[in-house]
Amino acid sequence: MTTSSVLSGPRQLVASGTTRHTAQRRAFLADLMGISPVMALYGLFIIVPSVFALFLSFTHWNIDGPIRWAGLANWRQLFSDPVSYHSLLVTLELAGLSWVAQTPVAMALGIFVAGTQRYRAVYATLYLLPLLMSTAGLGLMWEDVLFPQYGGLAWLGIHAHLAFLSREWLGSPNLALYTIVVIIAWQFVPFHTLIFQAGRRAIPAVLYDAASVDGANLRQSFWHVTLPQLRYSIVTSSTLVLVGSLTYFDIIYVLTQGGPGDATRVLAMDMYNIGFNQTEFGYASAIATVLGVLGILLALLLVRLSGFSRMDGPQEGSW
Amino acid sequence: MTRARRRSARPTNRAAALLAAGLTATATATVAAPATGASAQSSSAPTASISMWMEASGTPVDNYWVAQAKAFDKANPGDNISVEFPAASAFNPKVAAALAGNNPPALTFGWGGGRELQYISSGVIAPMGDAGQSDAGNPSWKKDFVPSSLGAVTFKNKIYGIPVGGTQPVFFFYNKKTMARYHLGFPSTTTQLISDVKTLAKHDVTAIALGNLGAWEGLMYLEYFTDRIGGPQVFLNIQSGQKGAWSNPAIIQALTDIQTLVKDNAFEQGYNQIDWPTGFTDALVHSGTAAMQLMGDWDIGNMQGYFPGWVASGAMGIGFFPKVPGGKGNPADLEGNTTDYLELASHISPAETYVAEKFAAWLCSSPAYARFEVSEGLVPVIAGSAKLFASSPLKQYLVPIYKAVQNAPYFQYSWDQALGPTKATPMTSNLQKVFGLTETPRQFAQIMNKYQ
């Protein structure tokens, strides 16, 4: 609105206040109409179920019977249940490890494919392939690759004399979570590569020119130009990695079902079991609520720490 | 950690093989048609349209239900049965939601046990009787079934489901050639089993193939060891919620025996990440890479689908779980899924109840039904089915199984089904740790006692 009033200049002075007010209202209504389908869908499929889940978390409900008020029983159980606590730790570990595994690799690849050298388009296309496959299909493929004795890795282990490859990658409680982290990274690094590629391409060449005039070497221009300029790409990518990992479910369900024992039982897996195997929807909803709140808090925290919320442009100053 | 689709899950690629087997199955054998109570169609008999929910098996069994429903409709003008197959994933919550709703399917497929008890206490499942009679819970057809097959649906002396599957005891499948190569017979005691494990390991043969990703596969060892060591009462105490029942010395000993097998390399590498339904462990036994596998009756059909020639030639052996020397349990006791059932919804009209009860009784009274089961490699729980096996290509397996079921002093229903999901999930996931040697028998008992 301010932009339009500046542009209309002196004519604003003759326009009456009422007209301006009407125009503003009309624009507001138009905006509202424009976004209303999205808001309606968001409300119907995100807000309503979330509120219902919050409500259910204070009830006992087995689906086959009536919904009974439970007060804080589910929440008390959640905070005293060693199984859920363990699942929370596994979830946080998965999120942290996923960030460590994905962000640096995606950034390096993104910067690489943003360049102009030959064949990069070919590489970029190849990197993207895992992103195009269905997760369940990926899970089944990895199941075969990691199959003990007869899987792809075990085959390599025998025929290429790389004994360390013949391991119980998913059957050992000490390895299973790390294996899952690597598979998730393999699947999602391409997507984050795209984010960093776009971010790197948006950095004006003049900044690098200025840096080289000042005598900066490659390493210095990376630390003092590329990295600061990529900060919003980093925030976006990190938010998606961390929040996404909180609810990660499908690959784990296909590959380990949360096992061996509870080594890969993340909260989302726990929620699924309690909800859909044990049909305890009240307790499962309490876990869902925790996951939702954790996700929102994590996203807010990242936005706050990065200054993203202040809408500063990366080129306006240093960080 | 059990999948919604559990032991009855079978790969679909055997459908054609089964169909062929079905065609070759006897066409002349008959089984006495059980009395079905009020089967006489009178002009005043109510009519209704009802639906029946089955768990899709991906085998000819599915088509069989649809064909039977059509035949019933034809024979009973005015009645209409529609058979539906809700997606197998999350079958149970869908059933639970439907049963609680205003228009539930009159008949639903189930396994009895803990889950059905929950439905009964919620008042969504009704006892079954004869159509039009006031004998709910005590139907006249109960005498037509092998008595042990009704245990999982009998609560407070009332019957809440009619068997619609074969009986599914668990036993060892073994490769006769492999055992013979190392001069081993099927072990009759667990001491012998452990010694065989060592002999086979020396020759780089895996003694026992195990796919334990789903964790119920390993549970069968705990069930059998416990029964053989301490008898049926040990688990009955657990099931009735007795405090500290998991600390019973029989449980500790059973878990210790499992860990002994693990430490002696009885199972192939990576057993905790191998998914049984993939058929991999079946292939290990067939190829002789492994000597045996503990699995349920349902695997006969799989084996027949995968390796028809091998199964028909009798190269596959079956053997019941060995005796534990000095143990209290009877070595003739069985463990497994007694059978599958159709259960009757509560929130339906009297006319719908009438038609549902009539249809259920009609379905199981048909001689074609028992014949069809036999052709599927299943052992019917209908009394007097033994003669059906005479001309079955699978009779060398089915006859001893049928006899074992008839002679079993005790048939223990699978623990995960018997306990219901709330206790079964921690039980199987902790047992997986015991199999992985990351939890001791005492730790297992301590954790499970908290759920009592």
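Residues numbered from 1 in each chain as written. Chains lettered and ligands numbered in written order. Predicted model: local features only at pLDDT ≥ 70, side-chain atom pairs only at ≥ 80, totals over all residues. Heavy atoms only, no water.

It is worth spelling out the interface of chain A and chain B at this point. Interface extent is often summarised as the accessible area lost during association of the parts. With 35 residues of chain A at the interface, the matching set in chain B holds 35 residues. Across the chain A/chain B interface, buried area totals approximately 2,900 Å², and carbon plus sulfur atoms make up 51% of it. If you sort the residues of chain A by the area they bury against chain B, D64, Q257 and N277 of chain A come out on top, with a joint share of 23%. One can count one salt bridge joining chain A with chain B. Note that K433 of chain B and D262 of chain A form a salt bridge whose closest N and O atoms lie 2.9 Å from each other. Across the contact surface, chain A and chain B share nine residue pairs in polar contact (both at pLDDT 80 or more). Contributing elements (two or more residues each) for the side of chain A that touches chain B: α13 (250-255) and α14 (267-277) of chain A. (Contact = heavy atoms within 4.5 Å. Buried area = accessible area lost by both parts, 1.4 Å probe. Salt bridge = Lys/Arg side-chain N within 4 Å of Asp/Glu carboxyl O. Polar contact = N/O pair within 3.5 Å; in protein donor to acceptor, adjacent residues only side chain to side chain. Helix = DSSP H or I, 4+ residues; strand = E, 2+ residues; numbered from the N terminus.)

As a further point, take the environment of V113 of chain A. All names here are of chain A. Checked against the element boundaries, V113 lands in helix α5 (residues 82-114). By relative accessible area, V113 is classed as buried at 4%. Taking the C-alpha atoms as reference points, V113 and L194, 81 residues apart in sequence, are found 8.8 Å from one another. Contact partners of V113, with chain neighbours within four places excluded, come to R120, A124, Y127, T193, Q197 and R201. (Buried < 20%, exposed > 50% of the residue type's maximum accessible area, 1.4 Å probe, protein only.)

What follows concerns the domain arrangement of chain B. All names here are of chain B. What the domain assignment reports for chain B is domain 1 (49-167 + 338-411) and domain 2 (168-336 + 422-449). Using C-alpha coordinates to define each centre, domain 1 is positioned 29 Å away from domain 2. Taken together, the contact between domain 1 and domain 2 spans 20 residues of the former and 23 residues of the latter. Together, the buried faces of domain 1 and domain 2 total about 1,700 Å²; carbon and sulfur atoms form 62% of this surface. (Domains from an automatic or database assignment.)

Now for the nonpolar core. Residues and elements named next belong to chain B. Grouped together as the largest cluster of nonpolar side chains are 147 residues, with contacts concentrated most on W65, Y221, W246 and F267. Residue assignment places this core across two domains, with domain 1 (49-167 + 338-411) and domain 2 (168-336 + 422-449) each supplying three or more. With sequence-adjacent residues up to four places away left out, W65 is seen in contact with M52, M54, V83, F85, V164, L363 and Y369. (Core = buried A, V, L, I, M, F, W, Y, C linked by side-chain atoms within 4.5 Å.)

Another aspect to go through is the packing of α5 of chain A against helix α9 (residues 176-201) of chain A. Residues and elements named next belong to chain A. Two numbers describe how α5 lies on α9: the axes approach to 6 Å, and their chain directions differ by 40°. The angle between α5 and α9 places the two elements in the oblique class. You can see that α5 and α9 cross each other, and the crossing is right-handed. Considering only residue class, the contact of α5 with α9 consists of 20 nonpolar, seven polar and three charged. (Axes fitted to C-alpha atoms, helices over the stretch in contact; angles between N-to-C directions. Parallel < 35°, antiparallel > 145°, perpendicular 65-115°, else oblique. Left-handed = near helix turned anticlockwise from the far one by under 90°. Nonpolar A, V, L, I, M, F, W, Y, C, P; charged D, E, K, R; others polar.)

Here we come to helix α13 (residues 350-365) of chain B. Residues and elements named next belong to chain B. When the terminal C-alpha atoms of α13 are compared, their 22 Å separation across 16 residues agrees well with the 22 Å that a helix rising 1.5 Å per residue should span. For α13, a buried count of twelve out of 16 residues is recorded, marking the element as mostly surrounded by other parts of the structure. The complete set of buried residues in α13 reads E352, Y354, V355, A356, E357, K358, F359, A360, A361, L363, C364 and S365. (Expected span 1.5 Å × (residues − 1).)

So, about the packing of aromatic side chains. Inspection of every chain in the model, using the stated rule, returns 45 aromatic pairs over all chains. For the ring pair F267 of chain B and F435 of chain B, a centre distance of 5.8 Å and an interplane angle of 55° mean the geometry is tilted. Taken together, the residues F267 of chain B in the loop between α9 (249-263) and α10 (280-287) and F435 of chain B in helix α17 (residues 421-435) connect sequence positions 168 residues apart. An aromatic cluster is defined as three or more aromatic residues linked by ring pairs; in this entry it consists of F52, F55, F58, W69, W75 and F79 of chain A. (Phe/Tyr/Trp six-rings, centres within 6.5 Å; stacked < 30°, edge-to-face > 60°.)

Attention shifts here to the environment of N237 of chain B. Residues and elements named next belong to chain B. Inspection of the secondary structure assignment puts N237 in helix α8 (residues 233-239). Residues N237 and I162, spaced 75 residues apart in sequence, show a C-alpha to C-alpha distance of 27 Å. Separated by 2.9 Å, the side chains of N237 and Q233 make a polar contact.

Quick look at unusual backbone geometry now. Residue G259 of chain A is joined to P260 of chain A through a cis peptide bond whose omega torsion reads -5°. Tracing the backbone shows P260 of chain A in the loop between α13 and α14. The phi dihedral of N265 of chain B falls on the positive side, at around 55°, and the residue is not glycine. Inspection of the secondary structure assignment puts N265 of chain B in the loop between α9 and α10. With a phi close to 60°, L437 of chain B is a non-glycine residue in the positive phi region. Among the structural elements, L437 of chain B can be located in the loop between α17 and α18 (441-449). Taking the relative accessible area as the measure of exposure, L437 of chain B reaches 40% and is therefore partly exposed.

What follows is about the pairing of strand β2 (residues 80-84) of chain B. Regular strands have side chains that alternate between both faces of the sheet. All names here are of chain B. In β2, alternate side chains face the same way, and those of I81 and V83 are buried while those of N80, S82 and E84 on the opposite face are not. Of the strand pairs in this sheet, strand β1 (residues 49-53) and β2 are connected by five bridges, and their pairing is parallel. Each residue of the ladder has a partner; that of I50, found in β2, is I81. (Pairing = 2+ DSSP bridges.)

Residue and element names in this part refer to chain B. Model confidence for chain B is summarised by a mean pLDDT of 85, while 89% of its residues fall at 70 or above. Put simply, helix α1 (residues 15-24) is where chain B has its lowest mean pLDDT, 34, and α9 is where it has its highest, 97. This model gives residues 1-42 a pLDDT under 50, and the stretch forms 102 contacts once residues within four places in sequence are excluded. Reported for the predicted complex are a pTM of 0.80 and an ipTM of 0.76. (pLDDT = per-residue confidence, 0-100.)

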